[in-house]
Amino acid sequence: MAVSKFKEALNSGKFLVTCEIGPPKGSDLTQMLHHVDLLKYRVDALNVTDHQSSVMRFPSLGGCLAVKERGGEPILQMTCRDRNRLALQADLMFAHTRGINNVLCLTGDSILVGDHKGAKGVFDLDSVQLLRTVRQMEAGKDMAGNDLEGAVGFCAGAVVTPEATPIEPQMIKFEKKVEAGAEFFQTQAVYDLDKFAKFMEYARQFPVKVLAGMVLLTSVGMAKFLNANIPGIVVPQELIDELANAGRGRALHKGIEIAGRMIAALKKDSICDGVHIMAIGKEEVVPEILAKAGL
Amino acid sequence: MRSITKRKPVEEVEQSLKGFEQVYILGCGTCATMTKTGGRDQVLEIKEYLESLEKTVTGWTVIPIACDEMTEVAMRENERPLRNAGCVLVMACALGVHRISTYTNNPVIPALDTLFIGLEEKPGHFREVCIQCGQCVLGETAGICPVTACNKGLLNGPCGGTNDGKCEVDKNKDCAWTLIYRRLKLQGRLDLMRKYHPPKNYQTAPRPKTVIISTSEENQDGSV
Ligand code: SF4
Ligand code: SF4
């Protein structure tokens, strides 16, 4: 079975960095490939998003192939929103044959938040069931219990929202994902490191690696937008003030500094096993964030 | 049971009635009356509208329970004006439309969209509670249906979009899984939430679903 480079990195004990790549809306891959080339050797793996926020885009599988072809290590993001169990299993087999060895199992956003609002939301499976499906296919069986001619092999991960309220239902689901075979977690964005450290005290009981989600703050407006619209993200007022006080045209620079500072703090105190950077369209500046973090 | 309907836009009704100069209108005295979509007042309103389009309304009636087999009797009593019309405009839910179309060979045109089967929580407030999935999990979810009340029909707990007990699709809508969590906790049965629910069987009764209930002595257990 092919060994996932990312899995080797997970087991190496080093502080990990993953970064998110968003495929384009359309067939012009220039910018995406530019981001891939910029980041492929700087991070441990590149997640490729799957119709993020239910907005129709170039597929995650295609993006992952591109990462792979260019020498990077892709993490295939797979949501349950658009494919039933046949299609999900088929895509897992395909990904495996093409050397995509990591998968992130997600429920997926509601159709209603996206740009094809009349579409049928599939949700034949949920994230926990998808994780179990990966494990079952690794054991050589499909979901119906039929033998596979050739199994698959993945380093499988999932997501968790450490700042959700109430938190207990999230924890229950987190534990279900661990039981289902998740090896790593990439979290929703965290900004309150004390709170996150508390969550990590809890998460450390489980045999999984946790990468803290880091969404780059680019402006005061963007930070406020996150607070108002993105569930489970809380940008503290101090950070918003910091962005506001950065001066004209300096907010992005400040956001880079904040992200770098937070990553450095997480690493220094070994709070978690790594970070997952979501720069949302500003992938260019990820090397700068890493430099600020001393990575 | 409450079948919740909403009125189709008049333009759509007008479009469906293109080419029909004589129309008979049927309303329903039960659910559609309660939701104010197919009661006497709405029937009269659409009658006036059709007349403003220079159509002839050959007659109208509000059937007590349009989905009931007594509908046949009501339609027989109005046989002549029904026959004189080129089509029947039905202001009942889709069950009523189906029932009515079994008793006439004329085209049957719905004037309402059937939204869901729901409960009236307080006067005028209707909520979908069940999508008749054929494999009820209410016993394990504190009586709140995740298949219906969760926008994604999730079986193993909340998605990451839940926020302060609200759902990612609508800040005014409760997250079903937060409700389930709270109620299970209250009941001291949170272990049920920890239990893994395997993928649902979406073919418990393949569509179209049918059930035959024996009326003979042998099958008193209700098995079908
Ligand atoms: S689980 Fe939900 S949809 Fe299925 S029968 Fe029960 S209440 Fe209805
Ligand atoms: S927020 Fe709650 S109700 Fe809404 S889709 Fe997610 S789990 Fe379901």
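In what follows, the accompanying structure is described. No experiment lies behind these values; they were computed from the predicted model shown.

About the thresholds
Residues numbered from 1 in each chain as written. Chains lettered and ligands numbered in written order. Predicted model: local features only at pLDDT ≥ 70, side-chain atom pairs only at ≥ 80, totals over all residues. Heavy atoms only, no water. Core = buried A, V, L, I, M, F, W, Y, C linked by side-chain atoms within 4.5 Å. Buried < 20%, exposed > 50% of the residue type's maximum accessible area, 1.4 Å probe, protein only. Contact = heavy atoms within 4.5 Å. Helix = DSSP H or I, 4+ residues; strand = E, 2+ residues; numbered from the N terminus. Polar contact = N/O pair within 3.5 Å; in protein donor to acceptor, adjacent residues only side chain to side chain. Pairing = 2+ DSSP bridges. Axes fitted to C-alpha atoms, helices over the stretch in contact; angles between N-to-C directions. Parallel < 35°, antiparallel > 145°, perpendicular 65-115°, else oblique. Nonpolar A, V, L, I, M, F, W, Y, C, P; charged D, E, K, R; others polar. Near = heavy atom within 4 Å. Buried area = accessible area lost by both parts, 1.4 Å probe. Salt bridge = Lys/Arg side-chain N within 4 Å of Asp/Glu carboxyl O.

### Things to note about the nonpolar core
Line of reasoning, step 1. Among the nonpolar cores identified, the biggest contains 85 residues, and A:Phe174, A:Tyr191, A:Phe196 and A:Leu266 are the most heavily contacted of them.
Line of reasoning, step 2. Here A:Leu266 is in contact with A:Phe15, A:Leu193, A:Phe196, A:Ala212, A:Met214, A:Ile271, A:Cys272 and A:Val275, once residues within four sequence places are set aside.

### Points about the side chain of A:Ser54
Residues and elements named next belong to chain A.
Line of reasoning, step 1. Positionally, Ser54 belongs in the loop between β2 (45–48) and α3 (60–69).
Line of reasoning, step 2. Side-chain polar atoms of Ser54 contact the backbone oxygen of Asp109, separated by 3.3 Å.
Line of reasoning, step 3. With residues near it in sequence (within four places) discarded, Ser54 still touches Arg81, Asp109, Ser110, Ile111, Val113, Gly114, Asp115 and His116.

### Section: the sheet that holds strand β6 (residues 184–189) of chain A
Residue and element names in this part refer to chain A.
Line of reasoning, step 1. Strand order in the closed barrel made by the 8 strands is β1-β2-β3-β4-β5-β6-β7-β8, with parallel pairing throughout. Averaged over all pairs of adjacent strands, the angle between strand axes in this sheet comes to 25 degrees, irrespective of strand direction.
Line of reasoning, step 2. Two strands pair when backbone bridges link them, and β2 and strand β3 (residues 74–79) are joined in this way by 3 bridges, in the parallel orientation. Its bridge partner lying in β3, Leu46 is registered against Pro74.
Line of reasoning, step 3. Against the sheet, helix α2 (residues 30–39) makes contact with β1 (16–21) and β2, and its axis sits at roughly 170 degrees relative to β1, the strand it touches most.

### Brief notes about the environment of A:Ile100
Line of reasoning, step 1. As for its position among the elements, A:Ile100 is in the loop between α4 (85–97) and β4 (102–106).
Line of reasoning, step 2. Ignoring sequence-local partners within four residues, the contact set of A:Ile100 consists of A:Leu61, A:Cys64, A:Leu65, A:Pro74, A:Leu76, A:Ala95 and A:Phe154.

### Thoughts on the packing of helix α9 (residues 237–244) of chain A against helix α10 (residues 251–268) of chain A
Residues and elements named next belong to chain A.
Line of reasoning, step 1. Two elements in contact, α9 and α10, have axes whose closest approach is 8 Å; the angle formed by their N-to-C orientations is 140 degrees. Classified by the angle their axes make, α9 and α10 are oblique. Residues Leu239, Glu242 and Leu243 of α9 pack against Ala251, Lys254, Gly255, Ile258, Arg261 and Met262 of α10.
Line of reasoning, step 2. For the contact of α9 with α10, a count of residues per class yields 5 nonpolar, 1 polar and 3 charged.

### Considerations on the site of ligand 1
Line of reasoning, step 1. In the vicinity of ligand 1, the contacting residues are B:Cys130, B:Ile131, B:Gln132, B:Cys133, B:Gln135, B:Cys136, B:Val137, B:Leu138, B:Cys145 and B:Thr148.
Line of reasoning, step 2. Looking at the shell around ligand 1, its residues break down into 7 nonpolar, 3 polar and no charged.

### Let's talk about the interface of chain B and chain A
Line of reasoning, step 1. Listed by partner, the interface residues are 31 residues for chain B and 29 residues for chain A.
Line of reasoning, step 2. Overall, the association of chain B and chain A removes approximately 2,500 Å² of surface from exposure, summing both partners, and the carbon and sulfur fraction of that is 51%.
Line of reasoning, step 3. On inspection of chain B and its partner chain A, the count reaches 2 salt bridges.
Line of reasoning, step 4. Here chain B and chain A share 18 residue pairs in polar contact (both at pLDDT 80 or more) between them.
Line of reasoning, step 5. Mapped onto the side of chain B that touches chain A, the elements with two or more residues apiece are α8 (176–186) and α9 (191–194) of chain B.
Line of reasoning, step 6. Broken down by element, the side of chain B that touches chain A gets its largest block of residues, 4 residues, from α8(B).
Line of reasoning, step 7. In terms of residue class, the side of chain B that touches chain A is built from 12 nonpolar, 10 polar and 9 charged.

Nothing here speaks to function; it is all geometry.
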